[in-house]
Amino acid sequence: MHVPWFGSRMALSILLSACFVLVSCGRQGSAPQSSSTATPGKSPPRRSVPQDGGPGETKNQSSPAAPQVASPSPVEPAEPVGDEVAQAVPPRSALPVRIPGLHEALHTVALDEERIKAHGIRKLSGKHLTLYSDLPPQPEIEELPGIFDAAISQWAAYFQVPVAATAEWHIVGRLMKDKTRFQNAGLLPESLPPFGHGFNYGDHLWVYDQETDYYRRHLLLHEGTHGFMQKFLGGSGPAWYREGMAELLATHRWANGKLQMKYSPRDRKETPGWGRIKIIKDEVAAGRGVMLSKVLRFPPTAHRQVQPYAWCWAATTFFENHPRYQQRFHQLKTEAAEVGDLFSDRFYQRLEDDWPAVRDQWQWFVLNMEYGFDVKREAIDPKHVMPLGDKVVEVEIQADRGWQSTGLELAAGSQVKIVATGRYQVAADPEPWWCEANGITIHYYRGRPLGALMAAVNGPNTTGLTRLAGLQVVGAAGSVTTAQGGTLFLRINESGAGLADNKGTCRVSIKRTDGS
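The residue numbers shown here count from 1 along each chain, following its written sequence. With pLDDT at 70 or above as the cut-off, local features in this predicted model cover only qualifying residues; side-chain atom pairs require 80 or more to be listed or tallied, and sums for whole chains, interfaces and linings still use all residues. Here the side-chain values reflect all heavy atoms present in the structure, with hydrogen atoms and water set aside.

A.B. asks: Explanation requested: the overall build of the protein in the structure shown.
C.D. replies: The numbering of helices and of strands both runs from the N terminus, where a helix is a DSSP run of H or I of at least 4 residues and a strand a run of E of at least 2. Helices and strands together make up the secondary structure of the protein, namely 15 helices and 22 strands. Put simply, the protein has 516 residues, and 55% of those count as buried. Considering only contacts within the protein whose residues lie at least 6 apart along the sequence, 73% involve residues at least 24 apart. Reported accessibility uses the Shrake-Rupley method at a 1.4 Å probe radius. Residues are deemed covered only where the shown protein chains occlude them. Carbon and sulfur atoms make up 52% of the accessible area of the protein, which totals about 22200 Å². Whether a residue is buried, partly exposed or exposed follows from its accessible area with a 1.4 Å probe, protein chains only, as a fraction of its type maximum: under 20%, in between, or over 50%, in that order. Any pair of residues with heavy atoms lying within 4.5 Å of one another is described as a contacting pair.

A.B. asks: Just checking my understanding: could you explain empty space enclosed by the protein for this structure?
C.D. replies: In this approach, a probe sized like a water molecule rolls over the atoms, and the result shows the empty space that is left. In the cavity and pocket records, a cavity denotes points on a 1 Å grid over the protein atoms alone where a 1.4 Å probe fits but cannot get out, a pocket denotes an open set with protein on both sides within 12 Å along at least 5 of 7 lines, and lining residues are residues with an atom within 4 Å of a point. Grid points are joined across faces, edges and corners, and a volume is the space filled by probe spheres set on the points. This structure, assessed with the given rule, holds four cavities of 30 Å³ or more. If you add up the space inside the largest cavity, you get close to 120 Å³. Ten residues, namely Ala, Val, Leu, Ile, Met, Phe, Trp, Tyr, Cys and Pro, are considered nonpolar, four, namely Asp, Glu, Lys and Arg, are considered charged, and the remaining ones, Gly among them, are considered polar. For the lining of the largest cavity, the per-class residue count stands at eight nonpolar, four polar and five charged. In this structure, the second largest cavity occupies an estimated 80 Å³ of space. Lining the second largest cavity are Phe-318, His-322, Gln-361, Trp-364, Phe-365, Phe-373, Val-375, Glu-378, Ala-379, Ile-380, Trp-403 and Leu-468. Of all elements in the fold, only helix H14 (355-367) and helix H15 (375-378) reach the threshold of two or more residues within the lining of the second largest cavity. Residues that form the lining of the second largest cavity fall into these classes: nine nonpolar, two polar and one charged.

A.B. asks: For this particular structure, what's the right way to read the environment of Leu-205?
C.D. replies: Within the secondary structure, Leu-205 is located in strand S6 (residues 204-208). For Leu-205, a relative accessible area of 0% translates into the label buried. In this structure Leu-205 touches Phe-148, Ile-171, Val-172, Gly-173, Arg-174, Phe-199, Asn-200, Leu-220, Glu-223 and Gly-224, once residues within four positions along its chain are discounted.

A.B. asks: Could you clarify how one ought to interpret the pairing of strand S13 (residues 415-421) in this entry?
C.D. replies: One face of the sheet, then the other: side chains in a regular strand alternate in exactly this way. Judged by which residues are buried, S13 turns out to be one-sided: Val-416, Ile-418 and Ala-420 face inward and are buried, whereas Gln-415, Lys-417, Val-419 and Thr-421, on the alternate face, are not. When DSSP finds at least two bridges between two strands, those strands are taken to pair. Two elements, S13 and strand S20 (residues 477-481), share five bridges in a ladder whose sense is antiparallel. Across the sheet, the residue bridging to Ile-418 is Gly-478, located in S20. Two elements, S13 and strand S22 (residues 505-512), share six bridges in a ladder whose sense is antiparallel.

A.B. asks: Help me out: how do you make sense of the side chain of Asp-400 in this one?
C.D. replies: Here Asp-400 is to be found in the loop between strand S11 (393-398) and strand S12 (404-410). Owing to a relative accessible area of 19%, Asp-400 belongs among the buried residues under this scheme. Setting aside chain neighbours within four positions, we find Asp-400 in contact with Arg-377, Leu-499 and Asn-502.

A.B. asks: Is there a simple way to explain the confidence of the model for the protein in this structure?
C.D. replies: A low pLDDT means the predicted coordinates there should not be read in detail. Taken residue by residue, the protein gives an average pLDDT of 85. The fraction at 70 or more is 81%. Across residues 1-15 the pLDDT falls below 50, and counting only partners more than four positions away or on other chains, this stretch makes 28 contacts in the model. pLDDT under 50 marks residues 52-96. Its contacts with residues more than four places away, or in other chains, come to 137 contacts. Known as pLDDT, the predictor's confidence for each residue is given on a scale from 0 to 100.

A.B. asks: Would you take a moment to explain the sheet that holds strand S18 (residues 453-458) for this structure?
C.D. replies: Two orientations exist for strands paired in a sheet by backbone hydrogen bonds: parallel and antiparallel. Pairing within the open sheet is mixed, and its five strands lie in the order S10-S12-S21-S18-S19. The open sheet has two free edges, formed respectively by strand S10 (386-387) and strand S19 (472-473), since each of these has just one partner strand.

A.B. asks: Would you explain helix H13 (residues 341-351) in this entry?
C.D. replies: Along an α-helix, residues three or four apart share an orientation, since each turn contains 3.6 residues. In terms of burial, H13 is largely enclosed, as 11 of its 11 residues are buried. Among the residues of H13, those classed as buried are Asp-341, Leu-342, Phe-343, Ser-344, Asp-345, Arg-346, Phe-347, Tyr-348, Gln-349, Arg-350 and Leu-351. Of the surrounding secondary structure, the elements contacted by the buried residues of H13 are helix H8 (239-250), helix H11 (307-321), helix H12 (326-330) and H14.

A.B. asks: Whenever I open this one, the sheet that holds S22 confuses me. Can you help?
C.D. replies: Taking strand neighbours across the sheet as the criterion, the four strands line up as S11-S22-S13-S20 in an open arrangement whose pairing is antiparallel. Each edge of the open sheet is held by one strand with a lone partner, namely S11 and S20. Ignoring which end each strand starts from, the neighbouring axes of this sheet average 30 degrees apart. Where helices are involved, their axes are fitted lines through C-alpha atoms of the stretch in contact, as for all axes, and angles between N-to-C directions lie from 0 to 180°.

A.B. asks: Hey, could you run me through the packing of helix H9 (residues 276-285) against H11 in this one?
C.D. replies: Two quantities define a packed helix pair, namely the angle between the axes and the distance from one axis to the other. H11 packs onto H9 with a crossing angle of 105 degrees between their chain directions and a minimal axis gap of 9 Å. Here H11 runs roughly perpendicular to H9, going by the angle between their axes. In this structure, H9 contributes Arg-276, Ile-277, Ile-279, Ile-280, Glu-283 and Val-284 to the contact, and H11 contributes Gln-307, Tyr-309, Ala-310, Trp-311, Trp-313 and Ala-314. Orientation is classified from the angle alone, with under 35 degrees giving roughly parallel, over 145 giving roughly antiparallel, 65 to 115 giving roughly perpendicular, and any other angle giving oblique.

A.B. asks: I'm lost on the pairing of S6 in this one. Help?
C.D. replies: Most of S6 sits inside the fold, with five of its five residues counted as buried. Every second residue of S6 is oriented toward a common face, with His-204, Trp-206 and Tyr-208 on one face and Leu-205 and Val-207 on the other, all of them buried. In this structure, strand S4 (residues 171-176) lies alongside S6, joined through five bridges in parallel fashion. Across the sheet, the residue bridging to Leu-175 is Val-207, located in S6. Bridge count for strand S5 (residues 198-201) against S6 is four bridges, and the pairing is antiparallel. Residue Tyr-201 lies in a different strand from S6, and its bridge partner there is His-204.

A.B. asks: Would you mind showing me how to read helix H7 (residues 213-233) here?
C.D. replies: Spanning 21 residues, H7 covers 29 Å between terminal C-alpha atoms, matching the ideal 30 Å at 1.5 Å per step. Among the 21 residues of H7, 19 are classified as buried, and the element is accordingly described as predominantly covered. Taken from the residues just after H7, Gly-234 is the one with a positive phi, measuring 80 degrees. In this analysis, the expected span of each helix is defined as 1.5 Å times one less than the number of residues it contains.

A.B. asks: How should the layout of surface pockets be read in this particular structure?
C.D. replies: In this structure, the second largest pocket encloses a volume near 460 Å³. Looking at the second largest pocket, it is lined by 20 residues, and the ones nearest its centre are Pro-356, Ala-357, Asp-360, Asn-458 and Phe-489. Residue assignment for the lining of the second largest pocket shows that the elements contributing at least two residues are H14 and strand S21 (486-492). Among the elements that take part in the lining of the second largest pocket, H14 stands out by supplying five residues, more than any other. Classifying every residue of the lining of the second largest pocket gives eight nonpolar, five polar and seven charged.

A.B. asks: Got a minute to help me understand the pattern of salt bridges in this structure?
C.D. replies: Oppositely charged side chains are able to pair whenever their charged atoms sit close together. One side-chain nitrogen of Lys or Arg within 4 Å of one carboxyl oxygen of Asp or Glu is enough to make a salt bridge. As enumerated under the stated definition, the model contains 22 salt bridges in all. In this structure, the salt-bridge partner of Arg-122 is Glu-142, at a minimum N-O distance of 2.8 Å. Taken together, the residues Arg-122 in strand S2 (residues 122-125) and Glu-142 in helix H4 (residues 139-142) connect sequence positions 20 residues apart. Residue classification places Arg-122 among the partly exposed positions, given a relative accessible area of 23%. Taking the relative accessible area as the measure of exposure, Glu-142 reaches 36% and is therefore partly exposed. Arg-276 is paired through a salt bridge with Glu-247; the nearest N and O atoms lie 2.8 Å apart. Of the two residues, Arg-276 is situated in helix H9 and Glu-247 in helix H8; the sequence distance between them amounts to 29 residues. Look at Glu-247 and you get buried, because its relative accessible area is 0%.

Structure below.
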């Protein structure tokens, strides 16, 4: 989304309020029974994910209804497990909740191979996947069992499951063009719930054929991730984690017989038919941006529409790649058997001290969503903050990072003068582009010279919307006046996808000029 600079703070507030829907995520009635409880005296008091999206955020009555778009149905949650000693690894023995008639159809009625063949359905076999399909032979179809087999070691590595434990795991899949054939062949039971693109139940999965080879593979890996988590983790968590992890890991690159899962695409041409980034950009542009607190409270029914898949992918991608939050996010792998609110509440408790920063950086991420967005380089390092006095303060701003705190607190109504010197690189292909603080006027990013020095004053906001979006260009020499007090942040004007090839620093001096 193009986020223009508004001279008026009121205009900025209106813009951001239109981009994000702030919705109450409070529970209805009493809290649901969670699937594990902490031992008394060993767990801290439970604090829930903020019901209003975080400290200082406002609430609307309701959010606009998303378009009714068919999408993959979520995997069924795990059955409750026993009591949990604080942070202990949950038992990995939970089974999917049984859908009436489906378990019996899959486990008591043997597949009739002759009947299957008679309906024009072929059988493709791999070590870990048997795939039935009515699609004609072609390389993009024949290679699917091998791709699934290649995913096993990557699932095992990510979830820290010994590869030896996966040796005998096998899943039966159906890749369908004409579902009537599969119904008549006994491969699509009547008890199976309706679904849009794909569905997983235990060691079985179903995927409808897609227009692109990429998205066909993506759905197979998405449903395979659900199956792997249920089998080896004892569950897959609540909706945001379950679908977010499936999206995160299924986003892939397949080239020269090599599979790379958990791939961050740099161009939409790498993932034809996927569209998660486009969905978020479109939703934000339409004023339907979603606060992170709401994503963490998505109900199981949310994924009857396609938009929540994009938001869950964004949430897991953000936490997976953010250097300050990744370790806390990875702790959730050992808690996947938990499907209730306790899972997200526990995660929030680990992030609680950092929540204002989490909220700000999430908003910046989705407001500037694009292919190749570098969450790691855009991550804001915390810095001790002290009031700006009368002396000139000098700081260095790195060209290959996003927003950087100066560590200077500006009082409400204060004005500062900023002077910047130095040269730095803002591109390397086909040759290095050198730049100074006024930027390069032969190339613009979001209406401003590439590489120009920018400033923003960030701090608590009664709306809960990040003030980092209230940026302005200061260039080689400029001034910043702030109506609200806050911390001064600086960066160069550059795409979140274009930071990696930047080099060098900008030397910045900061001095108060308001006379107080």
